[in-house]
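Here's the letter readout for the chains.
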Amino acid sequence: MYNAKAYSAVSATSRLASATIPRRDPAEHDVQIEILFCGICHSDLHQVRNEWSGFMPTVYPCVPGHEIVGRVTKVGPAVRKLKPGELAAVGCLVDSDRTCPECKAGFEQFCPNMTLTYNSPDKHTGAVTYGGYSDSIVVDERFVLRVPSNLNLAGAAPLLCAGITTYSPMRHWGVTKGKKVGVVGIGGLGHMAVKIAHALGAHVVAFTTSASKKEDALRLGADEVVVSRNANEMQKHAGSFDFILDAVAADHDINAYLNLLRRDGNITLVGAPEKPLAVSAFALIFGRRSLSGSPIGGIAETQEMLDFCGKHNITANVEVIPIQKVNEAYERLLKSDVKYRFSIDMASLKSG
C-alpha cells in the first residue's frame, strides 16, 4: 500500500477537504495512473451528500470522481495494454465479476457484482473504493481506457461519464446519417448528446425551455432549436423523430415528446427525475413508440466512444477549476451555473 493525496468528505454535511488515502501497489494486471484531470458529475454531489441513501448509501470518508484522465506511471508485470508515459482514462467502473452473462456480452455496466470507481466495496483492500479527486489511482488494466492524443485532456475527462451516457443509447437505437434526433435539455449531458448526434450524421433538434440557449445549441451542432414551451413550435415536429434523448433530471411532461416520435420511434431517458413520470398509454400505443432508459456503456463501447470522439475532435465544454474550488463548484452545480461541466486540474492538489 502507499499513501495518495485526495479530497474527501467525512459526512453528508461536511465540505470536501484535503486528505490522505491508502492505495494498493500495482499487482500483476494493474495500471497505476497519475491523475491529471477529473470531471465533476452531478452524481458526485448526490453521493457526497448521501442523497441516494435508499439504494446506494454513502460510506465515509468518500472520495468522489469517475471521470478520470491521466498518465500511466507504473504497470504490473502482466500488463500488455499500456506502458508508462501513455495517456489513460478510467470511468465509472473499476471491476466486475467478469463471469456473468452481462460481462460475457460486454455489458459490464449491468453486472450485478460490478465495482464502482468510488463508494463500492473494494475487494483488494477490504475497505471502500476511492475515486478521482486524488493524485493517483490503481486499476486493473481491463478497466483502463486509452485516450486519443489529439483531445484536450480537461475536456476529455467528462467523456468518461457524460460522453458514454449519451453515446451508448444512440448506438443502441441506431442513430446514423439521415435519422432525425431530438435532444431534450442542453446541460452537462445534453450538450454532449448534441455534439455526438451531429457527428453521427443525424439531423439534430435541440429542445430547451430557455430561448437564451438557442445560439449555444446551434454552436454545439444542432440543426434546429425548439423552445419547448411554445406549443406551435412543438406541433410542427409531431410524429417526425426517429429517436429522442431526454437528459432532463427535473419533472416534465414526457408525453409532449412521445407525441413527436414517428412509428417505432424511441425516447431514452438518461436524466433521472426524482418523481415518477406520468406516461400516457395512448402516446405509446399509437405509433408503437417506446420509452426506455440507459446508463453508461461497457468497457469496449466506452473505448469505441473515446476513439469516435478522437476522430471527430469532440470534448465536453468545461470550466477548469483547481481542487480548492470544488465546494464552490458543487454550489454552482445546484444552480446550473456552469457551461457545461467542471473539470478539476489535479495539479492543484500539490499546493494543498
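Further up the page is the structure itself.
How each quantity is defined
- Residue numbers restart at each chain and count upward from 1, following the sequence in its written direction.
- Under the rules for a predicted model, residues below a pLDDT of 70 receive no local features and side-chain atom pairs below 80 are neither given nor counted, while totals for whole chains, interfaces and linings still include all residues.
- Side-chain measures were taken over the full set of non-hydrogen atoms in the model, leaving aside hydrogen atoms and water.
- Helix numbering and strand numbering both begin at the N terminus, where a helix is a DSSP run of H or I of at least 4 residues and a strand a DSSP run of E of at least 2.
- Relative accessibility thresholds used throughout: buried, under 20% of the residue-type maximum; exposed, over 50%; partly exposed, between the two (1.4 Å probe, protein chains only).
- Pairing between strands is defined by DSSP: at least two bridges between the two strands are required.
- With the strands aimed away from the viewer, a crossover counts as right-handed if its path from the first strand over the helix to the second runs clockwise.
- Interaxial angles span 0 to 180 degrees and are taken between N-to-C directions of axes, which are lines fitted to C-alpha atoms, for helices over the stretch in contact.
- We call two residues in contact whenever any of their non-hydrogen atoms come within 4.5 Å of each other.
- Buried residues of nine kinds, namely Ala, Val, Leu, Ile, Met, Phe, Trp, Tyr and Cys, make up a nonpolar core once their side-chain atoms join them within 4.5 Å.
- Planes of paired rings set the category: under 30 degrees apart is stacked, over 60 is edge-to-face and the rest tilted, where pairs are Phe, Tyr or Trp rings (Trp by its six-membered ring) whose centres lie within 6.5 Å.
- As defined here, a cavity is a set of points on a 1 Å grid over the protein atoms alone where a 1.4 Å probe fits but cannot get out. A pocket is an open set with protein on both sides within 12 Å along at least five of seven lines, and residues line them when an atom is within 4 Å of a point.
- Grid points are joined across faces, edges and corners, and a volume is the space filled by probe spheres set on the points.
- Polar here means any residue other than Ala, Val, Leu, Ile, Met, Phe, Trp, Tyr, Cys and Pro, which are nonpolar, and Asp, Glu, Lys and Arg, which are charged; Gly is therefore polar.
- Polar contacts here mean pairs of N or O atoms no more than 3.5 Å apart (in protein, one a potential hydrogen donor and the other a potential acceptor; neighbouring residues in sequence count only if both atoms are side-chain atoms).

## Comments concerning unusual backbone geometry
- Here the residue pair tyrosine 60 and proline 61 is connected by a cis peptide bond, since its omega of 0 degrees sits within 30 degrees of zero.
- Residue placement: proline 61 occurs in the loop between α1 (42-48) and β4 (68-75).
- Here lysine 339 and tyrosine 340 are connected by a cis peptide whose omega angle stands at -5 degrees.
- When you line up the elements, tyrosine 340 lands in the loop between α11 (326-334) and β17 (341-345).

## Re the pairing of β17
- With 4 of its 5 residues buried, β17 lies for the most part within the structure.
- Relative to β17, strand β16 (residues 318-322) runs parallel, the two being bridged by 5 bridges. Bridge pairing in β17 places isoleucine 321 opposite isoleucine 344.
- Taken together, β16, α11 and β17 constitute a β-α-β crossover, and its handedness is right-handed.

## What about the sheet that holds strand β13 (residues 241-246)?
- One open sheet holds the 6 strands; their spatial order is β12-β11-β10-β13-β14-β15, and the pairing between them is parallel. At either margin of the open sheet sits one strand with a lone partner, and together these are β12 (224-227) and β15 (290-293). For this sheet, the mean angle separating the axes of adjacent strands, direction not counted, is 20 degrees.
- Where strand β10 (residues 180-184) and β13 come together, 4 bridges link them in parallel fashion. Following the sheet pairing, glycine 182 is matched in β13 by isoleucine 244.
- Strand contacts of helix α4 (residues 162-172): β13 and β14 (261-269), with the helix running at about 155 degrees to β13, the strand carrying the most contacts.

## A look at the nonpolar core
- Counting 96 residues, the largest nonpolar core has Ile40, Val69, Tyr133 and Met170 as its most contacted members.
- With 6 residues, strand β3 (residues 30-40) is the single largest residue contributor to this core.
- Excluding its chain neighbours within four sequence positions, the residues that come into contact with valine 69 are Glu34, Ile35, Leu36, Phe37, Ala88, Ala89, Val147, Leu153, Ala156, Ala157 and Leu160.
- Formed by 16 residues, the second largest nonpolar core is a distinct cluster that contains Phe207, Ile244, Val248 and Leu260.

## Observations regarding the packing of aromatic side chains
- Under the definition given, this model contains 6 aromatic pairs.
- Judged by centre distance (5.7 Å) and plane angle (35 degrees), the rings of tryptophan 52 and phenylalanine 55 are tilted.
- Its relative accessible area of 25% is what places tryptophan 52 among the partly exposed residues.
- Phenylalanine 55 gets classed as exposed once you look at its relative accessible area, which sits at 59%.
- Consider the rings of phenylalanine 207 and phenylalanine 241, whose centres lie 5.6 Å apart with planes at 55 degrees: the pair is tilted. Taken together, the residues span a long stretch of sequence, with phenylalanine 207 in strand β11 (residues 203-208) and phenylalanine 241 in strand β13 at a distance of 34 residues.

## Points about the pairing of β13
- Counting buried positions along β13 yields 6 of 6 residues, so the element is predominantly enclosed.
- As judged from the 5 bridges shared by β13 and β14, these two strands associate in the parallel manner. Looking at β14, one finds that isoleucine 244 is bridged to isoleucine 267.

## Looking at the layout of surface pockets
- Considered as a void within the structure, the second largest pocket measures approximately 270 Å³ in volume.
- Taken together, 21 residues make up the lining of the second largest pocket; nearest its centre are Arg23, Arg24, Asp122, Thr129 and Val138.
- No other element matches the 4 residues that strand β8 (residues 136-140) contributes to the lining of the second largest pocket.
- Residues belonging to the lining of the second largest pocket are distributed by class as follows: 10 nonpolar, 5 polar and 6 charged.

## As for α4
- Counting buried positions along α4 yields 9 of 11 residues, so the element is predominantly enclosed.
- For α4, the full list of buried residues reads Ala162, Gly163, Ile164, Thr165, Thr166, Tyr167, Ser168, Pro169 and Met170.
- Lining the buried residues of α4 we find α5 (190-199), β13, β14, α10 (299-312) and β17.
- Within two residues after α4, glycine 174 carries a phi angle of roughly 75 degrees, on the positive side.

## Describing α5
- When you tally the buried positions in α5, you get 8 out of 10 residues, the bulk of the element.
- When we look at burial in α5, the residues that qualify are Gly190, His191, Met192, Ala193, Val194, Lys195, Ile196 and Ala197.
- Residue glycine 201 follows α5 closely and has a positive phi angle near 95 degrees.

## So, the side chain of arginine 332
- Within the element layout of this structure, arginine 332 appears in helix α11.
- Within polar-contact distance, the side chain of arginine 332 engages the backbone oxygen of aspartate 337 at 2.9 Å.

## A look at empty space enclosed by the protein
- All chains considered together, the criterion is met by 1 cavity of 30 Å³ or more.
- By volume, the largest cavity amounts to about 70 Å³.
- For the largest cavity, the full set of lining residues is Gly91, Cys92, Leu93, Phe143, Leu145, Leu160, Ile164, Ile296, Gly297, Ile299 and Thr302.
- A breakdown of the residues in the lining of the largest cavity according to their chemical character gives 8 nonpolar, 3 polar and no charged.

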